[in-house]
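Observations on chain architecture
Listed here are the chains, written in short residue letters.
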Amino acid sequence: VFAVYKMQNVAVTPSSADRVANGDGIPGDEQAENKEDDQAGVVKFGWVKGVLVRCMLNIWGVMLFIRLSWIVGEAGIGLGVLIILLSTMVTSITGLSTSAIATNGFVRGGGAYYLISRSLGPEFGGSIGLIFAFANAVAVAMYVVGFAETVVDLLKESDSMMVDPTNDIRIIGSITVVILLGISVAGMEWEAKAQVILLVILLIAIANFFIGTVIPSNNEKKSRGFFNYQASIFAENFGPRFTKGEGFFSVFAIFFPAATGILAGANISGDLEDPQDAIPRGTMLAIFITTVAYLAVAICVGACVVRDATGNMNDTIISGMNCNGSAACGLGYDFSRCRHEPCQYGLMNNFQVMSMVSGFGPLITAGIFSATLSSALASLVSAPKVFQALCKDNIYKALQFFAKGYGKNNEPLRGYILTFLIAMAFILIAELNTIAPIISNFFLASYALINFSCFHASYAKSPGWRPAYGIYNMWVSLFGAVLCCAVMFVINWWAAVITYVIEFFLYVYVTYKKPDVNWGSSTQALSYVSALDNALELTTVEDHVKNFRPQCIVLTGGPMTRPALLDITHAFTKNSGLCICCEVFVGPRKLCVKEMNGGMAKKQAWLIKNKIKAFYAAVAADCFRDGVRSLLQASGLGRMKPNTLVIGYKKNWRKAPLTEIENYVGIIHDAFDFEIGVVIVRISQGFDISQVLQVQEELERLEQERLALEATIKDNECEEESGGIRGLFKKAGKLNITKTTPKKDGSINTIQSMHVGEFNQKLVEASTQFKKKQEKGTIDVWWLFDDGGLTLLIPYILTLRKKWKDCKLRIYVGGKINRIEEEKIAMASLLSKFRIKFADIHIIGDINIKPNKESWKVFEEMIEPYRLHESCKDLTTAEKLKRETPWKITDAELEAVKEKSYRQVRLNELLQEHSRAANLIVLSLPVARKGSISDLLYMAWLEILTKNLPPVLLVRGNHKNVLTFYS
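Residues numbered from 1 in each chain as written. Predicted model: local features only at pLDDT ≥ 70, side-chain atom pairs only at ≥ 80, totals over all residues. Heavy atoms only, no water.

The next subject is the environment of Phe-134. For Phe-134, the position within the fold is in helix α8 (residues 122-157). The exposure class assigned to Phe-134 is partly exposed, which follows from its relative accessible area of 32%. Between the C-alpha atoms of Phe-134 and Ala-383, which are 249 residues apart in sequence, the distance is 6.9 Å. When near neighbours in sequence (up to four residues on either side) are disregarded, Phe-134 contacts Ile-422, Phe-426 and Phe-442. (Helix = DSSP H or I, 4+ residues; strand = E, 2+ residues; numbered from the N terminus. Buried < 20%, exposed > 50% of the residue type's maximum accessible area, 1.4 Å probe, protein only. Contact = heavy atoms within 4.5 Å.)

This is the structure in structure tokens:
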């Protein structure tokens, strides 16, 4: 029962599962559109009237009646059949690819554009959609001019010219296209009825030709080369006889446009009852029927009509004359003078051979009219439909005006008018010989991309690629794409070049604009497969020091809350290393997970919007340290795992709870335990701007409320002015609203003035300091420990960036006072081997002397609140205090690490002396032995070391070499 119900309903409204599977939800306007489709009275076509009839009419063109006989004359029956089959091979492969894509989910309106864009993405779809719609619009002019030329030829024969041939073509063409526009605008149902009538005329005309081949020929027709079916004529016409300037490919180029038109049904996919069934069935059957017709006409005309004939009934053979194998001679006619002078009849000379052969000549003229008008009508409908679908997707924002539809069928009336104007412009030119090859190439470019779409979707191995139509092969589709590109150059090389240039320009434009769409294209699928393959390939190769790059976990929280920390990290990871912005949610797991999942997409989107090449990752944990520990162990993939932890300096450590300090220092120890380097960044104002963001959000909300209130008041005032007596009854209500207005505005003003005082302008400026181009200056590197070279590598990478390129490296290292010059030369030699460019090297000989008393006093005052002073108390009291406050700094500990404390204070003095004016200081991070140095003492070291300085990066590698001498 369910299966029957689904089959009945799929033609009208596909299930939501179909839409989701195809990567298309039903947001906003599309939802309304689908509701309209469900209404009674909407015209939907089946596979016969919607696809088969349209494709047959579009494929059968004027070429069938006035050029196919000439092609057989030039190429012969054998090569003529090969030309037809080669053309059919291109269209058949494209038809199979179209069928596969069309049955891989629900197909909306837009035809070729929809199929390509949903498969390859907006870049390819947007570029081909525009030129495909334009090609269809110009094709209207081409077909109408073909019709007008035939009418003008008839007028010439009856001596009834209006002005002159060119202007007559313009007049007849203009009138014709206006009539066709009227039929199209009247609705798809009228247009479909017109197409059926035209098909009937066309079929009668074709049947008329075949009937004519078996009607015995008279003397007049024989003199023009028609002798009914003759084996001698078939044998003579089987091989090629190319005239000067013609060859296989030139003849193929002339015929191939006759095989196009296979997308006529797909182009009105939005008006089909069941596009998934109609497009494959109608398109493939139309290709088969038209191909059989082309082959039959080619073989029949090649077996009945000789290549050259004089048209003179007196050119009969003289008795005893040697025929030299001539078929006409064997049948009693001498056309030998056609070898020396041009003749007017025969396959090679007369384009009206089919009219001559047919049982009733005017029916062939009616067939020509039917072929041209039906193709023009199909193109006039296709162009606006494809263009409307393109405009609805808003890929080209300037074209949004043409997205609007009218009536129950959502007809693109604006698109019809635009198509009409384009067609009229080209009809008035009346010379389409130059533009015709470009149009053919536009269609071929569409075919090539449809074939490539099918190949690409199969090659990407996406689980979402499940076409119901299984008669296709991805390699055959690729071959079809290559074949289409080759045919483009065969038809006209310069037109092919123009097509590629236009397509490339539109592709680059759409790529640059980055339309906000997500259609689950095969491009995305292949990107994933490529990334996965590359990641797996990386795991097979051991890391090498030459390929080392900082791959960072940055503890930013939400990336927008600490932008400066992210900016400085991004400066040395952009385009070279991994950067993961991490956030730890602490609290009840259920609430944390809900908050975390709710913000994931928003925060990653913020990174993309701000052009920061980084990932966002978050964990929920019972405590902050556990969360960071999880991130350090589990982040990354294969070789793309973090090797450096970047954290902001904990500026408020003196006021923070002890657990926070313990977690902060513990994270540093954990990183070293996991063999991950550490970078601590300190700036004077701190990093966290979450309070500023909250204020901005509140002000924006209040501003929106104010604007909404003003709009309401304005609407009410307009109602009052136009409401007459009714307005008087509402006056009291209006007055109440008006009275509240000043109060609301006043409250907003109060809030704004209140927050302006709280608004920390310096903090905001500090948060953007690494976004700006750095002024000319220095990056001072204090390389005090051999940590593998990370302390040198990070500042070197910074100097390669555009924003830091005006900053030179100054290297500071410790050394002996009596060996300063020797050590300077040795260090310069070492840096040269590492290929690290530097401006200057300073050897600091007095790095280990005691600091001055004032500096030491500042340090002692800093740690005073956290000291235990157990030496001043009796043993019992001291032991009790140690148990109660184990976090305090004992006298014994302070004495044991006094030299290290001196060193930190002394380093700050040297930094103040040498690097006070630097743009950035990169300094080796002191490491505290776990369990032997209290957390508060370590924080005091970091505080005194980096106090009152420009931005500082405290860096410590994991003691794995990151620099090498070797190439």
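Moving on from the model shown.
The contact between α8 and helix α21 (residues 493-513) brings their axes to 8 Å, and the two run at 135°. If you check the angle between α8 and α21, you find them oblique. When you trace α8 past α21, the crossing you get is right-handed. Judged by residue contacts, Pro-122, Glu-123, Phe-124, Ser-127, Ile-128, Leu-130 and Ile-131 of α8 engage Thr-499, Ile-502, Glu-503, Leu-506, Tyr-507, Val-510 and Thr-511 from α21. Class assignment of the residues belonging to the contact of α8 with α21 gives a composition of 9 nonpolar, 3 polar and 2 charged. (Axes fitted to C-alpha atoms, helices over the stretch in contact; angles between N-to-C directions. Parallel < 35°, antiparallel > 145°, perpendicular 65-115°, else oblique. Left-handed = near helix turned anticlockwise from the far one by under 90°. Nonpolar A, V, L, I, M, F, W, Y, C, P; charged D, E, K, R; others polar.)

All right, on to the sheet that holds strand β7 (residues 807-814) then. Strand order in the open sheet formed by 10 strands is β3-β2-β1-β4-β5-β10-β9-β6-β7-β8, and the pairing between neighbours is mixed. One side of each edge strand has no neighbouring strand; the edge strands of this open sheet are β3 (615-621) and β8 (840-844). Taken pair by pair, the neighbouring strands of this sheet meet at an average axis angle of 20°, ignoring direction. Here 5 bridges tie β7 to β8, and the two strands are oriented parallel to one another. If you follow Arg-810 over to β8, its bridge partner there is Asp-840. (Pairing = 2+ DSSP bridges.)

Counting 147 residues, the largest nonpolar core has Trp-60, Phe-65, Phe-255, Tyr-294 and Val-305 as its most contacted members. The leading source of residues in this core is α8, at 17 residues. Apart from the residues within four sequence positions on either side, Phe-65 is in contact with Leu-202, Ala-205, Ile-206, Phe-351, Met-354, Ile-364, Gly-367, Ile-368 and Ala-371. Counting 61 residues, the second largest nonpolar core, distinct from the first, contains Ile-580, Ala-621, Ile-661 and Met-939. (Core = buried A, V, L, I, M, F, W, Y, C linked by side-chain atoms within 4.5 Å.)

With numbering matched to this structure, UniProt assigns "transmembrane region" (unreviewed entry) to residues 127-148, 169-188, 194-215, 247-266, 286-306, 413-432, 438-459 and 471-495. As annotated, residues 127-148 comprises 100% helix and 0% strand, and the C-alpha atoms at either end are separated by 32 Å. (UniProt positions renumbered as here; feature names shortened; annotations may be inferred.)

A few words now on the pattern of salt bridges. Taken as a whole and assessed by the stated rule, the structure comprises 27 salt bridges. Lys-773 is the partner of Asp-806 in a salt bridge, and the nearest nitrogen-oxygen pair spans 3.4 Å. Residue Asp-806 is located in the loop between α31 (790-799) and β7, and its partner Lys-773 is located in the loop between α30 (761-767) and β6 (777-782); the two are separated by 33 residues in the primary sequence. Residue classification places Lys-773 among the partly exposed positions, given a relative accessible area of 46%. (Salt bridge = Lys/Arg side-chain N within 4 Å of Asp/Glu carboxyl O.)

With that settled, the discussion passes to empty space enclosed by the protein. The tally for this structure, following the rule as stated, stands at 4 cavities of 30 Å³ or more. Of the pockets and cavities examined, the largest cavity occupies roughly 90 Å³. For the lining of the largest cavity, the elements supplying multiple residues, two or more each, are α8 and α19 (435-459). The element that contributes the greatest number of residues to the lining of the largest cavity is α8, accounting for 3 residues. Across the lining of the largest cavity, the residue classes break down as 7 nonpolar, 6 polar and no charged. Empty space within the second largest cavity amounts to approximately 70 Å³. Around the second largest cavity, the lining residues are Ile-59, Ile-84, Ser-87, Thr-88, Thr-91, Phe-255, Ala-259, Ile-262, Ile-287, Thr-290, Thr-291 and Tyr-294. Every element with two or more residues in the lining of the second largest cavity is listed here: α6 (68-102) and α14 (275-304). (1 Å grid on protein atoms, 1.4 Å probe; cavity = no way out; pocket = protein on both sides within 12 Å on 5 of 7 lines; lining within 4 Å. Points joined across faces, edges and corners; volume = space filled by probe spheres on them.)

Here we take up the confidence of the model for the protein. With 89% of its residues at a pLDDT of 70 or more, the protein has an overall mean of 82. For residues 1-40, every residue scores under 50 in pLDDT, and the model assigns this stretch 43 contacts once sequence neighbours within four places are set aside. When the criterion is pLDDT under 50, residues 724-759 qualifies, and its contacts beyond four places in sequence or with other chains add up to 19 contacts. (pLDDT = per-residue confidence, 0-100.)

Now for the packing of aromatic side chains. Counted according to the given criterion, the structure contains 25 aromatic pairs. For the ring pair Phe-134 and Phe-426, a centre distance of 6.2 Å and an interplane angle of 70° mean the geometry is edge-to-face. Taken together, the residues Phe-134 in helix α8 and Phe-426 in helix α18 (residues 413-429) connect sequence positions 292 residues apart. Taking the ring centre of Phe-45 as reference, the NZ or CZ of Arg-54 above it sits at 5.7 Å. Positioned over the ring face of Tyr-406 is Lys-404, at 5.2 Å from the centre of the ring. (Phe/Tyr/Trp six-rings, centres within 6.5 Å; stacked < 30°, edge-to-face > 60°. Lys NZ or Arg CZ within 6 Å of the ring centre and 35° of its normal.)

Our focus in this paragraph is the pairing of strand β4 (residues 644-648). Along β4, 5 of the 5 residues are buried, which leaves the element largely enclosed by surrounding structure. Burial along β4 is two-sided: Thr-644, Val-646 and Gly-648 and Leu-645 and Ile-647, pointing in opposite directions, are all buried. Note: strand β1 (residues 552-554) against β4, 3 bridges, orientation parallel. In the sheet register, Ile-553 faces β4, and the bridge partner there is Leu-645. Across 5 bridges, β4 lies against strand β5 (residues 677-682) in parallel orientation. Bridge assignment links Val-646 to a residue of β5, and that residue is Val-679. In this fold, the crossover linking β4 to β5 by way of helix α26 (residues 658-673) has right-handed handedness. (Right-handed = clockwise from strand over helix to strand, strands pointing away.)

Looking at the secondary structure, you find Ser-355 in helix α16 (residues 353-357). Among all residues touching Ser-355, those that are not within four sequence positions of it are Gly-361 and Ile-364.

Below, the discussion takes up the state of the cysteines. Counted by the stated rule, this structure contains 1 disulfide. Paired through a disulfide, Cys-338 and Cys-343 show a sulfur-sulfur distance of 1.9 Å. Disulfide Cys-338-Cys-343: the torsion about the S-S bond is -105°, which places it as left-handed. Overall, the relative accessible area of 12% leaves Cys-338 in the buried class. No disulfide involves Cys-300; its nearest neighbouring cysteine sulfur is the one of Cys-304, lying 6.2 Å away. (Disulfide = S-S within 2.5 Å.)

With that settled, the discussion passes to the layout of surface pockets. Computed from the structure, the largest pocket encloses a volume of approximately 1500 Å³. In this structure, the largest pocket is lined by 45 residues; those nearest its centre are Val-62, Met-63, Ile-66, Arg-67 and Glu-149. Ranked by the residues each element gives to the lining of the largest pocket, the list is headed by α8, at 10 residues. Taken together, the residues that form the lining of the largest pocket break down as 25 nonpolar, 15 polar and 5 charged.

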